[in-house]
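# An overview of the molecular structure
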Amino acid sequence: MEIEIFTDETFIVDKKTNTEYLGIGCLFVPTSFKKEFVDKLLELRCMNENSDTWHWDFKNCLNSKAKLCKEKWHKLNNKEIHYKELREKSPHHLKEISKRWIKFLLQHNQNYSDKNKLIYFKILYIDLKKLDKTFFGNEETDNIVYNRFYRMVILGAKNFFFKDEKFIIKEFFHDKSSEKELSNIFPWNTPNKLDKIEDVDIQKDTITFIDSNHNNYAYEKFKKNAQFIQFIDLILGCINQILFQPAKTQIKNEISNIYYPLFKKIWEEPNNKNSHLNFYRKQDVSIFPKEKMYYQ
Ligand SMILES: [Zn+2]
């Protein structure tokens with residue numbers, strides 16, 4: 001399978017146990033599904049149910065011609081989706097798009113059997129206190145820790161989601177991080193190490209950093225790639241909320257509650273091959289080191 005990988009990270013403290021976690025979320029997008037996938041995410045941005053075509057500019061919006069859209073609304077539909085920034089007083093559009101994206105996540109894999117057209121992601125939380133950081137070396141310790149687990153997530157997906165097939169990574173995308181971008185290890189380390197593994201083919205040997213806010217880009221290609229970073233950010237945000245309850249905001253609970261039935265299955269029955277939610281070997285959430293963790 002040929003894929004592109006979109007990665008976002010999170011740092012969270014479990015206030016009940018005072019445990020610090022680094023969370024890494026990777027979305028694996030089959031290149032044969034990419035266009036359909038992003039078109040769907042964009043289509044869900046439009047508040048008019050009768051329109052299924054998204055345009056970045058208001059002047060091209062099909063609904064503007066039918067007077068069903070206003071410039072002000074169109075701008076809101078076009079904003080970055082960022083779980084952390086959702087508030088009660090956030091514009092209705094942002095809350096609604098976030099809910100629609102999560103509903104789409106729940107629905108999509110149920111409706112498709114072609115494995116080239118499914119949504120794949122893997123999320124790993126690392127208990128930072130349980131890591132003996134000195135084990136990883138003294139220089140750039142955090143980067144080395146991150147490198148190791150980033151690679152582990154991707155390899156985990158290769159061995160579990162895409163077993164017995166050629167694993168071609170067309171490109172690695174990572175949410176913008178100046179620290180990682182400027183590191184003299186991170187941008188090339190994982191692509192190069194993975195390239196040495198049998199059955200892995202790396203097409204671009206450095207990591208591409210992207211801004212999750214597509215409005216900072218002029219080119220459509222970049223705007224589209226940013227949608228996937230927003231999508232994995234939203235999934236990561238929901239899981240943070242379910243596992244650690246960092247925010248009391250009602251809208252955050254509402255959105256994570258939509259995701260909850262799928263999370264519960266992934267968490268409690270990770271080996272359930274027959275679930276209609278079709279997550280087995282497609283979607284995975286885990287904690288390192290392995291331990292049983294309870295959530296509210
Ligand atoms: Zn519009």
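Residues numbered from 1 in each chain as written. Predicted model: local features only at pLDDT ≥ 70, side-chain atom pairs only at ≥ 80, totals over all residues. Heavy atoms only, no water.

Counting through the fold element by element, Lys34 comes out in helix 1 (residues 34-43). For Lys34, the side chain forms a polar contact with the side chain of Asn225, separated by 2.8 Å. Excluding its chain neighbours within four sequence positions, the residues that come into contact with Lys34 are Glu4, Phe6, Val29, Asn225 and Phe228. (Helix = DSSP H or I, 4+ residues; strand = E, 2+ residues; numbered from the N terminus. Polar contact = N/O pair within 3.5 Å; in protein donor to acceptor, adjacent residues only side chain to side chain. Contact = heavy atoms within 4.5 Å.)

The textbook angles at a metal center are 109.5 degrees for a tetrahedron of four donors and 90 or 180 degrees for an octahedron of six. Distances from the zinc ion to its protein donors, Cys61 (SG), Cys69 (SG) and His74 (ND1), fall at 2.1 to 2.3 Å. All donor residues of the zinc ion come from one chain, and their arrangement in sequence is C-x7-C-x4-H. (Donors = N, O, S within 2.8 Å, 3.2 Å for Na, K, Ca; no water.)

The topology assignment puts Thr190 in helix 7 (residues 186-195). A residue is classified by how much of its surface remains accessible, and Thr190, at 0% relative accessible area, is buried. Taking the C-alpha atoms as reference points, Thr190 and Ile154, 36 residues apart in sequence, are found 9.2 Å from one another. Apart from the residues within four sequence positions on either side, Thr190 is in contact with Asn147, Tyr150, Arg151, Ile154 and Phe172. (Buried < 20%, exposed > 50% of the residue type's maximum accessible area, 1.4 Å probe, protein only.)

Let us look at the environment of Glu71. Structurally, Glu71 is set in helix 3 (residues 71-77). In the structure, Glu71 is positioned 81 residues away from Met152 in sequence and 45 Å away in space, judged by C-alpha atoms.

This paragraph deals with the confidence of the model for the protein chain. Here the protein chain shows a mean pLDDT of 92. Residues at 70 or above account for 94%. The secondary structure element of the protein chain with the lowest average pLDDT is helix 2 (residues 62-65), at 81, and the one with the highest is strand 4 (residues 167-175), at 98. (pLDDT = per-residue confidence, 0-100.)

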